[in-house]
Amino acid sequence: MESVLIVGVGFMGGSFALALKKRNFRGKIYGYDINPESIKKALGLGIVDEGTTDINEVKRYNPSLVMLSSPVRTFPDIARKLSSLLPSATITDQGSVKGKLVYELEDILGGRYVGGHPIAGTEKSGVEHSVPDLYEGKKVILTPTERTDPRRLKLVEELWKKVGGVIEHMSPELHDYVFGAVSHLPHAVAFALVDVLIRMSKKGVDLFRYPGGGFKDFTRIAKSDPVMWRDIFLANKENVLLAIDTFTESLSHLRKLIEEEREEELTDFLREVKTKRMEID
Ligand code: NAD
């Protein structure tokens with residue numbers, strides 16, 4: 001591959017660029033971002049070789065592959081512009097939502113779009129936090145469909161393997177069901193949990209003076225970028241609502257066991273959950 005264009009040079013875009021550089025990617029790495037600060041920082045840190053805030057410039061870069069790394073709801077507009085500016089590049093992404101978005105992007109870009117989502121990240125945003133080893137040993141979900149060009153899929157797979165990713169394929173629909181539950185729901189709950197302290201602090205005590213390790217561990221992800229999470233919740237609305245409803249049922253069940261002091265059932269419930277949780281690490 002000759003060159004790569006990162007669209008949205010933030011934490012994930014910067015990490016992908018650094019990961020390529022660390023693995024001796026020989027081609028040029030270009031960056032496009034709407035925020036001049038992101039481009040300035042990325043150039044200053046040597047994360048991209050050239051960068052711009054003018055999307056028309058990407059025509060001159062003529063990259064062989066584009067990695068979309070901006071918030072997910074920006075993808076369709078960007079894809080529409082890229083479809084004429086870069087008529088032959090392979091276009092892939094790191095977006096946290098696939099589902100309908102994959103079909104929308106395929107309608108714009110055809111088989112040269114390959115949907116992707118690395119299961120790696122942190123609550124930090126911004127290119128200055130980028131890390132070259134972010135994808136080492138991490139799952140990368142690819143969501144090819146019958147329209148996906150197999151040659152381009154292979155290219156994207158090889159690029160992810162080069163930066164340490166472990167490829168797994170899923171349908172766009174299954175991806176959103178799975179990550180609606182294992183990733184989007186915990187973020188929603190973490191945001192809501194902090195909101196509980198905001199609400200309960202109104203009774204004359206500032207609860208934020210007292211959180212210990214448990215609260216801080218649990219809500220670390222509520223420090224994540226609001227725009228990114230707004231986009232994820234709205235783009236995966238159906239599955240996020242399903243997960244929130246299931247969570248509400250589970251919390252109501254726990255509430256009932258506490259309210260009715262059903263000691264034995266409460267212990268059984270907690271024991272069963274603990275056992276299941278211990279299985280994953
Ligand atoms: P970030 O805020 O660090 O970076 C996003 C960058 O996109 C910013 O530099 C911003 O200026 C730029 N941007 C915003 N709108 C744009 C537009 N219309 N055109 C061009 N650039 C634009 O966010 P991030 O954490 O790097 O997340 C980026 C993507 O990666 C999101 O789609 C997110 O769903 C996905 N993702 C994030 C994580 C994570 O843990 N942070 C993990 C997996 C996937």
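Residues numbered from 1 in each chain as written. Predicted model: local features only at pLDDT ≥ 70, side-chain atom pairs only at ≥ 80, totals over all residues. Heavy atoms only, no water.

**Quick look at the pairing of strand β1 (residues 3–7)**
Using the following cut-off: A 1.4 Å probe rolled over the protein chains alone gives each residue an accessible area, and that area as a share of the maximum for its type sets the label: buried under 20%, exposed over 50%, partly exposed in between. Here a helix means four or more residues in a row that DSSP labels H or I, a strand means two or more in a row labelled E, and each is numbered from the N terminus. By the convention used here, strands pair only if DSSP detects at least 2 bridges between them. If the strands point away from the viewer and the path from the first strand over the helix to the second runs clockwise, then the crossover is right-handed.
The element β1 is largely enclosed, with a buried count of five among its five residues. Across the two faces of β1 the burial is the same, with S3, L5 and V7 and V4 and I6 all buried. Looking at chain direction, β1 and strand β2 (residues 28–32) are connected through five bridges and run parallel. In the strand pairing of β2, L5 is matched with Y30. Taken together, β1, helix α1 (residues 11–22) and β2 constitute a β-α-β crossover, and its handedness is right-handed.

**Section: the site of the ligand**
Put simply, the rule reads: By convention in these notes, a residue is near a molecule or strand provided one of its non-hydrogen atoms lies within 4 Å of it. Think of a polar contact as two N or O atoms within 3.5 Å of one another; within protein, one of them needs to be a possible hydrogen donor and the other a possible acceptor, and neighboring residues in sequence only count if both atoms come from side chains.
Within the structure, the ligand sits among 28 residues, and M12, D33, S70, S96 and G126 are positioned closest to it. Between an oxygen atom of the ligand and a side-chain N or O atom of S96, the distance comes to 2.6 Å. At 2.7 Å, a backbone N or O of G126 approaches an oxygen atom of the ligand. Among the elements of the structure, α1, β7 (116–118) and α9 (226–235) are those that each provide at least two residues to the shell around the ligand.

**A look at the pattern of salt bridges**
In plain terms, the rule: Should a side-chain nitrogen of Lys or Arg be within 4 Å of a carboxyl oxygen of Asp or Glu, the pair is scored as a salt bridge.
Tallying each qualifying case throughout the model produces 26 salt bridges. Between E158 and K154 there is a salt bridge, with the nearest N and O atoms lying 3.2 Å from each other. Of this pair, E158 and K154 both sit in helix α6 (residues 150–162), four residues apart, which is roughly one turn of the helix. A salt bridge links R277 to D281; its shortest N-O distance comes to 3.0 Å. Residue class for R277 comes out partly exposed when judged on its relative accessible area of 45%.

**Some points on the sheet that holds strand β9 (residues 166–169)**
For sheets, the rule is that strands pair by backbone hydrogen bonds, running either parallel or antiparallel. Definition in use: The axes are straight lines fitted to the C-alpha atoms, using for helices just the contacting stretch, and the angles between their N-to-C directions are given from 0 to 180°.
An order of β7-β8-β9 is seen for the three strands of this open sheet, with the pairing classed as mixed. The sheet is open, and its two edges are formed by β7 and β9, each paired on a single side. Each strand of the sheet is rotated relative to its neighbour by a mean of 25°, with strand direction disregarded. As defined by bridge partners, β7 adjoins strand β8 (residues 139–142) across three bridges and the pair is classed as antiparallel. Directly across from H117, in β8, lies its bridge partner I141.

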